[in-house]
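# Close look at the chain arrangement
Spelled out from the first residue to the last, the chains are:
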Amino acid sequence: MPKITFSRFVAGTMSWGQWGKEFSHQSMSNLIDYYYSSGITTFDHADIYGSYTMESDFGKAFKRAAVQRDKVQFVTKCGIQYLSENRANEVVHYDTSRAYIMESAEASLTKLQTDYLDVLLIHRPSPLMHPNEILEAVQRLKKEGKILHFGVSNFGPSQLDLMLSEGAIEVNQIEFSAVHYAPMFDGTLDRMIQHQILPMAWGPVRSYFNLQEDSKKERLELQLLELTQVYDCTVDQLLYAWILKHPARVHPIVGSTNKDRIASALRAAKIKLSTQDWFKILIASQGHQVP
Ligand SMILES: NC(=O)c1ccc[n+]([C@@H]2O[C@H](COP(=O)([O-])OP(=O)(O)OC[C@H]3O[C@@H](n4cnc5c(N)ncnc54)[C@H](OP(=O)(O)O)[C@@H]3O)[C@@H](O)[C@H]2O)c1
């Protein structure tokens, strides 16, 4: 099995197409080139993005980009059955059956115009999932060379334990940020360190910019603004630096399509946030000191 290698920052494609910016294939291609030339080589997808259209748009855009397939990594997900004009679903639900995982992975290969997926993730834990059934599909896809690695997304500690009881998990993609820090305290990140599961963090900055809770926003804003002076940096860079300091080696997924913001995110890797300043941000977010 090849060693799993991703860029430390991952490019999230969720809002490139119908679920956001509605870029042309040429603009997506330019964005792929920009991400690649910035050193971000891992691209995150899901079958459902853009109401089941984003993988196919990306596949077409990638053909125009000046990047070779073996220089980048494609991560995609399956398991959510979404409401879409492209599906006959009556309600959003999850499907982690062997047949559905196989079918969805095959569809992702076709849409992304690739022979293999670097990683396939189960998008959300289903109350109806059985680890044996999922891993049967995974073994088959690996044997056929269609996926190189397997992971999950939004799995908490008990769900990780359930999967680990039958086989290895290589990635867990979770919501994690200075605003949404629960995975540090509910056992999720502990389990991931223990079992060498690589964490990817979605919502690394959006959770702050969209924060509705006034008191929390005010506390964080004050603290972050003070630290921007200390580190001569921006608020979003501090939010990334806070994530990067966690010992689980969390890989933030950058959701922005704005080149200045992407470049700014990368500069966060140079910030050496002190332990006390890291705690100041946590305390501002929690609204209380640590005991
Ligand atoms: N596994 C899962 O369940 C799951 C769930 C959600 C997302 N994801 C993945 O994670 C990726 C990233 O998630 P995310 O979109 O939540 O990432 P994010 O990077 O936290 O947020 C990106 C959004 O925040 C805006 N933004 C960024 N910097 C900003 C700033 N300085 N001021 C104001 N707005 C700012 C961006 O707008 P601009 O584009 O205009 O900069 C964009 O709308 C997605 O693309 C997807 O691949 C996975």
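For the structure, check the block above.
Read on for a plain summary of the structure.

Analysis parameters
- Residues numbered from 1 in each chain as written.
- Predicted model: local features only at pLDDT ≥ 70, side-chain atom pairs only at ≥ 80, totals over all residues.
- Heavy atoms only, no water.
- Near = heavy atom within 4 Å.
- Polar contact = N/O pair within 3.5 Å; in protein donor to acceptor, adjacent residues only side chain to side chain.
- Areas by Shrake-Rupley, 256 points an atom, 1.4 Å probe, with all protein chains shown as cover.
- Helix = DSSP H or I, 4+ residues; strand = E, 2+ residues; numbered from the N terminus.
- Nonpolar A, V, L, I, M, F, W, Y, C, P; charged D, E, K, R; others polar.
- Patch = residues over 30% accessible without salt bridge, like charges linked within 9 Å, V, L, I, M, F, W, Y side chains within 5 Å.
- Salt bridge = Lys/Arg side-chain N within 4 Å of Asp/Glu carboxyl O.
- Lys, Arg positive; Asp, Glu negative; His and termini not counted.
- Charge placed at Lys NZ, Arg CZ, Asp CG, Glu CD.
- Buried < 20%, exposed > 50% of the residue type's maximum accessible area, 1.4 Å probe, protein only.
- Pairing = 2+ DSSP bridges.
- Axes fitted to C-alpha atoms, helices over the stretch in contact; angles between N-to-C directions.
- Contact = heavy atoms within 4.5 Å.
- Right-handed = clockwise from strand over helix to strand, strands pointing away.

## Side note on the site of the ligand
If you check the shell around the ligand, you find 26 residues, and the closest are Asp44, Ser153, Arg206, Ser256 and Arg261. The contact in question runs from an oxygen atom of the ligand to an N or O atom on the backbone of Met14, over 3.2 Å. Here an oxygen atom of the ligand and a backbone polar atom of Pro204 are 3.1 Å apart. Taken by itself the ligand offers 920 Å² of open surface, and the protein chains cover 84% of this. Every element with two or more residues in the shell around the ligand is listed here: helix H8 (206-209) and strand E10 (251-254). Split by residue class, the shell around the ligand holds nine nonpolar, eleven polar and six charged.

## Description of a negative patch on the surface
On the surface, Glu213, Asp214, Glu218 and Glu221 cluster together into a negatively charged patch. Along the chain, Glu218 turns up in helix H9 (residues 214-231).

## As for the environment of Ala99
Position of Ala99 relative to the elements: it lies in helix H4 (residues 98-112). The exposure class assigned to Ala99 is exposed, which follows from its relative accessible area of 52%. Separated by 35 residues in sequence, Ala99 and Ile134 place their C-alpha atoms 9.5 Å apart.

## Concerning the sheet that holds E10
With parallel pairing, eight strands are arranged side by side around a closed barrel as E1-E2-E3-E6-E7-E8-E9-E10. On average, each strand axis in the sheet is tilted by 30° relative to the strand beside it, whichever way the strands run. As defined by bridge partners, strand E2 (residues 42-44) adjoins strand E3 (residues 73-78) across three bridges and the pair is classed as parallel. Across the sheet, the residue bridging to Asp44 is Val75, located in E3. The sheet contacts of helix H5 (residues 131-143) involve strand E6 (117-122) and strand E7 (147-153), and relative to E7 the element is tilted by about 155°.

## Some remarks on the pairing of E6
In summary, the side chains of a regular strand alternate between the two faces of the sheet. Of all six residues in E6, six are buried, a share of seventy percent or more. Strand direction decides the pairing type here: E6 and E7, joined by five bridges, are parallel. Each residue of the ladder has a partner; that of Leu121, found in E7, is Gly151. Crossover connection from E6 via H5 to parallel E7: handedness right-handed.

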